[in-house]
Amino acid sequence: MASFTVGIVVFPGSNCDRDVSWALEGCLDIKTKFLWHESSDLNDVDSIVLPGGFSYGDYLRCGAIARFSPLINSLHDFVKSGRRVLGICNGFQILTESGFLPGALVANKNLNFICDDVDLNVITSKGGWFQKSNETQNIKLPIAHGEGRYHCDQDTLKKLTDNDLIALKYKTNPNGSTSDIAGITNEKGNVLGLMPHPERACDESIGGIDGLYTLRSLITQ
Amino acid sequence: MDQFEVKVFIRLRPSVLDPAGEAIKSASSKLGVAGIKSLRIGKMIEVKIESNEEDIKEKIDLLCDRLFANTVIEDYEYSINKL
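Description of the structure in this document. Given the structure is predicted, the values throughout are model-derived calculations rather than measurements.

Cut-offs applied
Residues numbered from 1 in each chain as written. Chains lettered and ligands numbered in written order. Predicted model: local features only at pLDDT ≥ 70, side-chain atom pairs only at ≥ 80, totals over all residues. Heavy atoms only, no water. Helix = DSSP H or I, 4+ residues; strand = E, 2+ residues; numbered from the N terminus. Rg over C-alpha atoms; globule rule 2.2 N^0.38 Å. Buried < 20%, exposed > 50% of the residue type's maximum accessible area, 1.4 Å probe, protein only. Contact = heavy atoms within 4.5 Å. Pairing = 2+ DSSP bridges. Axes fitted to C-alpha atoms, helices over the stretch in contact; angles between N-to-C directions.

1. Section: the overall build of chain A
A tally of helices and strands in chain A yields 5 helices and 11 strands. For a compact globule of 221 residues, the expected C-alpha radius of gyration is about 17 Å, and chain A comes in at 16 Å, within 12% of that figure. In terms of its C-alpha atoms, chain A occupies a principal-axis envelope of roughly 40 × 40 × 35 Å. Across the 221 residues in chain A, those meeting the buried criterion constitute 56%. Contacts spanning at least 24 positions in sequence make up 74% of the contacts within chain A whose residues lie at least 6 apart.

This is the structure:
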């Protein structure tokens, strides 16, 4: 596994790229490589993280302009090959804007930028992004977003529910998300988008380690 | 080639809650203006573009569908004015 490399995409305005690298390298001893968004060569990385931040200043809509980068264009084949892609916060917004995941992220119901720890229920085991457990698993992760209200229509919600694609739900809905959704996967399970930040919960000294499993799962084939 | 001025109006779909619109509605009532039943915020994008007349609609549709609006949450309409 020593040769396994996680690519971390850097857009103009990304600001959690180094946090993700720190968590992967420092806490999990997983090799990382920063990928500038204009690069389209994804051959030497085995999985990819789209980190949080404000790509292109969130102009027009969060993630709307990032989707046109050469790297996101290459991501279609990368995802088709079954390799894993994790979109965190702005990364989740980019995944929905690019059509990798259904729905959209819009302004929080109370219009506040919410920066807090939240309790979450793990809903699906699809993709193996969260620890397997027979009981309902609860984890605590930090959120930090102004536009994290997941929105989808009723048909999409039914499809997400029927196909077991809802990854995480808030125990107490902080932002007005449809059906308390905090994260979803694609049908294959190799793409996960979530608003909470697992990379900020990888060391007890900063408040918790519930994000470790999800980051470690980037190196499962 | 002709010159066109296009105005694109983008609105949140009626099913999408607009909390910013609600906040402005609340502020409007503080001005003493009564009777506002609904207030929703949209965007307007002005584009000046050089194009053949037969292609202009197709170009604007492409821009609206793929960039200006996210049709999961937004509807759009536009007017095209030949300069």
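2. A word on the sheet that holds strand E11 (residues 191–194) of chain A
All names here are of chain A. Spatially, E2-E1-E3-E4-E11-E10-E9-E6-E7 is the arrangement adopted by the 9 strands of the open sheet, whose pairing is mixed. Each of the sheet's edge strands pairs with one partner strand only, and the pair in question is strand E2 (31–36) and strand E7 (137–145). Sheet twist, expressed as the average angle between the axes of neighbouring strands with direction ignored, equals 20°. Pairing analysis gives 3 bridges linking strand E1 (residues 5–10) to strand E3 (residues 47–50), with the strands arranged parallel. For Val6, the partnering residue across the bridge sits in E3 and is Ser47. Across the sheet, helix H1 (residues 17–28) touches E1, E2, E3 and strand E4 (84–88), and the angle it forms with E2 is around 160°.

3. Section: the sheet that holds strand E1 (residues 2–12) of chain B
Residues and elements named next belong to chain B. Taken together, the 3 strands give an open sheet; going across it, the order is E2-E1-E3, and neighbouring strands pair in antiparallel fashion. Each edge of the open sheet carries a strand with a single partner, namely strand E2 (42–51) and strand E3 (74–82). Averaged over all adjacent pairs, the angle separating strand axes in this sheet is 20°, with direction ignored. Sheet analysis places E1 next to E2, joined by 10 bridges and oriented antiparallel. Across the sheet, the residue bridging to Glu5 is Lys48, located in E2. Docked against the sheet, helix H2 (residues 56–68) engages E1, E2 and E3, running at close to 150° with respect to E3.

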